[in-house]
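Residue strings, one per chain:
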Amino acid sequence: MIPSAPPHRRSWTRRLAAATRSARFRLTLSYALFSTLLLTSVGLLFHNSLATSLRDNTRDLLEQDWAALRGFLVIENGVPSWSFDSSDAEQNFFVSRLQRIILVTDARGHVLHCSEAYARTGIEPPDKIARILESYAPFSEVRPGTDGINYLFRSGPVPGSTKDRGPYYVSIGRSLRDNRSVVERFMKTYLVLVPIVVLGSWLLGWRLAGRALGPVTDVAHTAQRISGSNLSLRIPLRGTGDEMDLLISTFNQMIERLEVSFQQTKQFSADVSHELRTPLTALRGELEVALMTAQDARQYREAIQDALGDVERLSHLVRALLQLSNAETGQTVLQPTVFDLSACVRDTLEQFQIPAEEAGVSLEVHAPEPCPAELDRIQIERLISNLVANAIKYTPSGGRVTAIVRKDRPGAVGLVVEDTGIGIAREHLPHVFNRFYRAPGLAGAGPRGLGLGLSFVAWIVKAHGGTVRAESQPGKGARFIVSLPTGQPQGVPRPVAVSIRQES
């Protein structure tokens, strides 16, 4: 049986494996590999450039030696000799350097003079000497010596005395040992520095990657801490305006939307619970009272009728919630058709003539000209009905409800429903489109409703890509202003724009 590794070693191994799989490690490794490749390429480039530069410099010096050679070397009757002032130290040194690596032959390749250093590189064959003399052009080449050192040579014809028949072959050379030594020292120094630079780039890359990925880690840690009870968590911006700030801002906006949605869901659940609890409590109470106090069929019938009324209210509430939920989740699809909005408003208000007369409220329609629009007629009729019913409900006897159809701007039509009712206070206006919201001051103004009518209005406007706003002054009525596009509605509903204005 193979023994397992100790726990501390397994923990260290897991941490190492996790580190090597992290984005920070991969970014650092990529940075270090790129730095290594770049430094290697730069080193090779400098190596080749330095070697070429040193060789060119040696070639220039050799050309200078060749030019000086013509003034010091004298060949007469096949015998080379040197003409210079031996008392001049400079000339003496210069000639001794020329004599160090030199070969002199006649035109047939017979050696007239050959220095010991030149002999170590090998003497050119006669046919090569003949070709160089025939071309009468300077010839340069690099040849290795038996000592393992490369030499650069400059060869060419040199005329003899006036009595000699043809030119002589002369070749001088310079050792490239110093060049190689300089290049080797450079490469040794460079190879020592490269690991240091690579290690430094690794550490720098690890630090930079950590700083760059820090906001991502913060986002991940914050996401782990987020729950239904702490959706208020936010990540502070770094103020750099870069992609990380964009990521943090987007994440914070997402959390903000989630917080709003979560609060809406909690509020919706609380509202639904409250709305269902009230009729259920009443229904249970009525049935319990009937069981304990009813003594004949008539009393049981009255209790059952009251219970059926509460059941009908529950059914109405559930249907309304289901319709609104389907609408807001995209399950209700608009069916746009072209129709006259003015005629639609007139037809809808005719259905409210009897309820309005019973409430002592007069209805007026101002739609002087046709307003064709491509909208979902069923949903628009629901929108008009909800606004008009709401206006009649909160307008006292002797008041007036007016519906106005007008052209807002090119490509849009406006619908205004206003009343002379009790109005809505400023602090309640921002909430009138919320589900189940009823302004406290309006509780006794009319029959108790579900508080969903204006929520339907907001959704219908949003689904058509329009806007809706409410204006009101307590005691002087309210006005709901809707603007709808006359063209084809968008496939993806745009957010409803709700603006509130308190009239003076």
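See the structure printed just above.
A brief look at the structure comes next.

## Things to note about the pairing of strand 6 (residues 150–158)
- The element strand 6 is largely enclosed, with a buried count of eight among its nine residues.
- Sheet topology places strand 5 (residues 139–144) next to strand 6; six bridges connect them, and they run antiparallel. Looking at strand 6, one finds that Phe139 is bridged to Ser155.
- The turn linking strand 5 back onto strand 6 is made up of five residues, and Gly148 within it adopts a positive phi angle of 80°.
- By the bridge criterion, eight bridges tie strand 6 to strand 7 (residues 168–175) in an arrangement that is antiparallel.

## Here we look at a nonpolar patch on the surface
- Residues Val192, Leu193, Ile196 and Val197 make up a contiguous nonpolar surface patch of roughly 360 Å² in combined accessible area.
- For Ile196, a relative accessible area of 54% gives the class exposed.

## Observations regarding the pattern of salt bridges
- One pass over the full model with this rule turns up 16 salt bridges.
- One salt bridge in this structure joins Asp147 and Arg120, with 3.8 Å as the shortest N-O distance. One end of the pair, Asp147, is in the loop between strand 5 and strand 6; the other, Arg120, is in the loop between helix 4 (116–119) and helix 5 (126–135), and 27 residues separate them in sequence.
- Residue classification places Asp147 among the partly exposed positions, given a relative accessible area of 35%.

## Details of the packing of aromatic side chains
- Tallied over the full model, the rule gives five aromatic pairs.
- Each ring, one from Tyr118 and one from Phe153, has its centre 4.9 Å from the other, and the planes form 70°; the classification is edge-to-face. Of this pair, Tyr118 sits in helix 4 while Phe153 sits in strand 6, and the two are 35 residues apart along the sequence.
- Note on Phe153: relative accessible area 0%, which makes it buried.
- Measuring from centroid to centroid gives 6.3 Å for Tyr151 and Phe153, while their planes differ by 35°, and the two rings are tilted. Of the two residues, Tyr151 and Phe153, both sit in the buried class.
- An aromatic cluster of at least three residues, connected via ring pairs, comprises Phe46, Phe186 and Tyr190.
- Cation over ring: Arg143 sits above Phe153, and NZ or CZ is 4.1 Å from the ring centre.
- Cation over ring: Arg154 sits above Trp66, and NZ or CZ is 4.4 Å from the ring centre.

About the cut-offs
- Residues numbered from 1 in each chain as written.
- Predicted model: local features only at pLDDT ≥ 70, side-chain atom pairs only at ≥ 80, totals over all residues.
- Heavy atoms only, no water.
- Buried < 20%, exposed > 50% of the residue type's maximum accessible area, 1.4 Å probe, protein only.
- Helix = DSSP H or I, 4+ residues; strand = E, 2+ residues; numbered from the N terminus.
- Pairing = 2+ DSSP bridges.
- Patch = residues over 30% accessible without salt bridge, like charges linked within 9 Å, V, L, I, M, F, W, Y side chains within 5 Å.
- Areas by Shrake-Rupley, 256 points an atom, 1.4 Å probe, with all protein chains shown as cover.
- Salt bridge = Lys/Arg side-chain N within 4 Å of Asp/Glu carboxyl O.
- Phe/Tyr/Trp six-rings, centres within 6.5 Å; stacked < 30°, edge-to-face > 60°.
- Lys NZ or Arg CZ within 6 Å of the ring centre and 35° of its normal.

From the geometry alone we can't say anything about function, so treat these as descriptive.
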